[in-house]
Amino acid sequence: MILSCVRAKKKSLQEELEREQKWLDEQLELEKTVQERFDHQPDFRVITKNSELQKLKSRLEKVINRKDELLSALGKFLDVHYPPPSETDTQSKTVRLAAERDKGSTNFITLHEILEFFHLRLQATCGPYCYRMDKSPLTSQDPFPIAYE
């Protein structure tokens, strides 16, 4: 009885060993096939990776070149339409206006002169109807005569 149990166990183990051996052979065959395919593919993968890298590099180069072209065009445009300030442009505005007025090339008058002109004109046209806010008559020394009846 023990002998028959041991033989049955041995037979089942041999069958299992044969199944395992078949499975191992199939796995080895599959590994060999995959390895063969993989050996043929690396060249393609390297080329693909390199070509993608080359594409990205060329695109980056194009973008950099385009940026340089645009900056150059912008510089030319700014030079033509917005020239850099000259020596006279960097001076203060009052000094510039005084210098231009002294040159006689243009006929500028100061804001003070404009206000004085309007003040005298207002006095001339307003007459007796022009008063200060406190209702006293205007004189030529008043800085802001703006009250009317």
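Residues numbered from 1 in each chain as written. Predicted model: local features only at pLDDT ≥ 70, side-chain atom pairs only at ≥ 80, totals over all residues. Heavy atoms only, no water.

Could you clarify how one ought to interpret the overall build of the chain in this entry?
A tally of regular secondary structure across the chain gives 5 helices and 2 strands. Written out in order from the N terminus, the α and β elements of the chain read α-α-α-α-α-β-β. In the chain, which comprises 149 residues, the proportion classed as buried is 5%. For the chain, the proportion of contacts with a sequence separation of at least 24, taken over those separated by at least 6, is 9%. About 14,100 Å² of surface is accessible on the chain, with carbon and sulfur atoms providing 61% of the total. (Helix = DSSP H or I, 4+ residues; strand = E, 2+ residues; numbered from the N terminus. Buried < 20%, exposed > 50% of the residue type's maximum accessible area, 1.4 Å probe, protein only. Contact = heavy atoms within 4.5 Å. Areas by Shrake-Rupley, 256 points an atom, 1.4 Å probe, with all protein chains shown as cover.)

Before we go on, may I ask you to explain the pattern of salt bridges in this structure?
In a structure, side chains of opposite charge can pair up when their charged atoms sit close to one another. All chains considered together, the criterion is met by 2 salt bridges. For the salt bridge of Lys55 with Glu52, the shortest nitrogen-to-oxygen distance reads 3.8 Å. You can see Lys55 and its partner Glu52 sitting in helix H2 (residues 42–81), 3 residues apart, about one turn around the helix. Glu52 gets classed as partly exposed once you look at its relative accessible area, which sits at 42%. (Salt bridge = Lys/Arg side-chain N within 4 Å of Asp/Glu carboxyl O.)

I'm lost on a nonpolar patch on the surface in this one. Help?
Together, Ile109, Leu111, Ile114, Leu115, Phe117 and Phe118 make up a nonpolar patch on the protein surface, roughly 620 Å² of accessible area in all. Note on placement: Leu115 falls in helix H5 (residues 111–126). (Patch = residues over 30% accessible without salt bridge, like charges linked within 9 Å, V, L, I, M, F, W, Y side chains within 5 Å.)

Please clarify how a negative patch on the surface should be interpreted in this entry.
On the surface, Asp25, Glu26, Glu29, Glu36 and Asp39 cluster together to form a negatively charged patch. Structurally, Glu26 is set in helix H1 (residues 2–40). (Lys, Arg positive; Asp, Glu negative; His and termini not counted. Charge placed at Lys NZ, Arg CZ, Asp CG, Glu CD.)

What is the right way to look at the confidence of the model for the chain in this model?
As a general rule, the predicted coordinates of low-pLDDT regions are not to be interpreted in detail. Of the residues in the chain, 62% have a pLDDT of 70 or more, and the chain-wide mean is 76. Least confident of the elements in the chain is strand S2 (residues 147–148), whose mean pLDDT is 46; most confident is H1, at 91. Taken as a whole, residues 145–149 scores under 50 in pLDDT and shows 14 contacts with residues more than four places along the chain or in a different chain. (pLDDT = per-residue confidence, 0-100.)

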